[in-house]
Amino acid sequence: MSTAPLFLVDALPADGVVVLDGAEGRHASTVRRIRVGEVVQLADGVGGLAHGVVDGVGRDRVDVRITARRVSAAPAPRVLLAQALVKGDRGELAVELSTEAGVDGVLPWRAARCVARWEDGPRGDKALARWRSTAREAAKQARRPWLPVVEDPVGTPALLRRVADVACTLVLHEAATATLASVPLPPDGDVLLVVGPEGGITDDELGALVAAGARPVRLGPEVLRASTAAAVALGALGVLTGRWTPLHPG
């Protein structure tokens, strides 16, 4: 039996009926063709998860009667992804795959060798909105009660400041001698995962990250694309830590 589809809401009441309208209601009634009597899941994006039964369906609207509710604790350690901007739809692919693999937050990184620049203004805002929309839809597809936050883009100086704030920073780099499996990982706190652009991280950027406390690592003998590296690393981190404890009950 397949898992019930998940829809995101602003807030979850303890019981009663939740009305899905707007974009979520349209998706449920028109795209998914949800019908009365079907079981669905509702999430607030910050760990709250409810199961419910559809009581009514209208135009761009679905009424869901809550039957059970719980709170899912965030995975530990949390993983934040500093993803270098990637040209075209490969950046959105990186966000989609990493969200499905469980990333907890995304920092779009304006690395030196990024072809995409995301300059301030309407074009940059539009690109950021696409990443945020991609994360939202991927979280729903993966039935995730936690929605990763896609932050505003950062340059290297701001990224270096984030290194000081986290428990561990791992830079995926093809020239690293240490493997991800060989690096001690914290049981909790934040792990910052840094993925460079297709052209690679510059020597200056790598040196600055290491000086700030980051650890270069590699996943294996192959060189992965910038759009897929984070998802592979998140799978490895799920196995090497307690992140994949079933359902993370709160």
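About the cut-offs
Residues numbered from 1 in each chain as written. Predicted model: local features only at pLDDT ≥ 70, side-chain atom pairs only at ≥ 80, totals over all residues. Heavy atoms only, no water. 1 Å grid on protein atoms, 1.4 Å probe; cavity = no way out; pocket = protein on both sides within 12 Å on 5 of 7 lines; lining within 4 Å. Points joined across faces, edges and corners; volume = space filled by probe spheres on them. Domains from an automatic or database assignment. Contact = heavy atoms within 4.5 Å. Buried area = accessible area lost by both parts, 1.4 Å probe. Salt bridge = Lys/Arg side-chain N within 4 Å of Asp/Glu carboxyl O. Helix = DSSP H or I, 4+ residues; strand = E, 2+ residues; numbered from the N terminus. Nonpolar A, V, L, I, M, F, W, Y, C, P; charged D, E, K, R; others polar. Phe/Tyr/Trp six-rings, centres within 6.5 Å; stacked < 30°, edge-to-face > 60°. Buried < 20%, exposed > 50% of the residue type's maximum accessible area, 1.4 Å probe, protein only.

A. Representation of the layout of surface pockets in the model. Here the second largest pocket defines a volume of roughly 340 Å³. Along its surface, the second largest pocket is lined by 19 residues, and L172, H173, E174, V223 and L224 are the ones closest to its centre.

B. Representation of the domain arrangement of the protein within the structure. Here the protein is described as being made up of domain 1 (6-71) and domain 2 (78-240). Between the C-alpha centres of domain 1 and domain 2 there is a distance of 32 Å. Residue-level contacts link 12 residues of domain 1 with seven residues of domain 2. With both chains or domains summed, domain 1 and domain 2 bury close to 890 Å², and 57% of this area falls on carbon and sulfur atoms. Of all residues in domain 1, L6, L8 and G45 bury the most surface against domain 2, accounting for 53% of the area lost on that side. Joining domain 1 to domain 2, the criterion identifies one salt bridge. Between E24 and K140 there is a salt bridge, with its nearest N and O atoms 2.6 Å apart. Those elements giving two or more residues to the side of domain 1 that touches domain 2 turn out to be strand 1 (6-8), helix 1 (22-31), strand 3 (39-43) and strand 4 (48-58). Partitioning the side of domain 1 that touches domain 2 into residue classes produces five nonpolar, five polar and two charged.

C. Structural detail: the packing of aromatic side chains. The final tally for this structure, using the stated rule, is one aromatic pair. Their ring planes at 70° and their centres at 4.8 Å tell us that W118 and W131 sit as a pair that is edge-to-face. Taken together, the residues span a long stretch of sequence, with W118 in the loop between strand 7 (105-109) and helix 3 (122-141) and W131 in helix 3 at a distance of 13 residues. Look at W131 and you get buried, because its relative accessible area is 3%.

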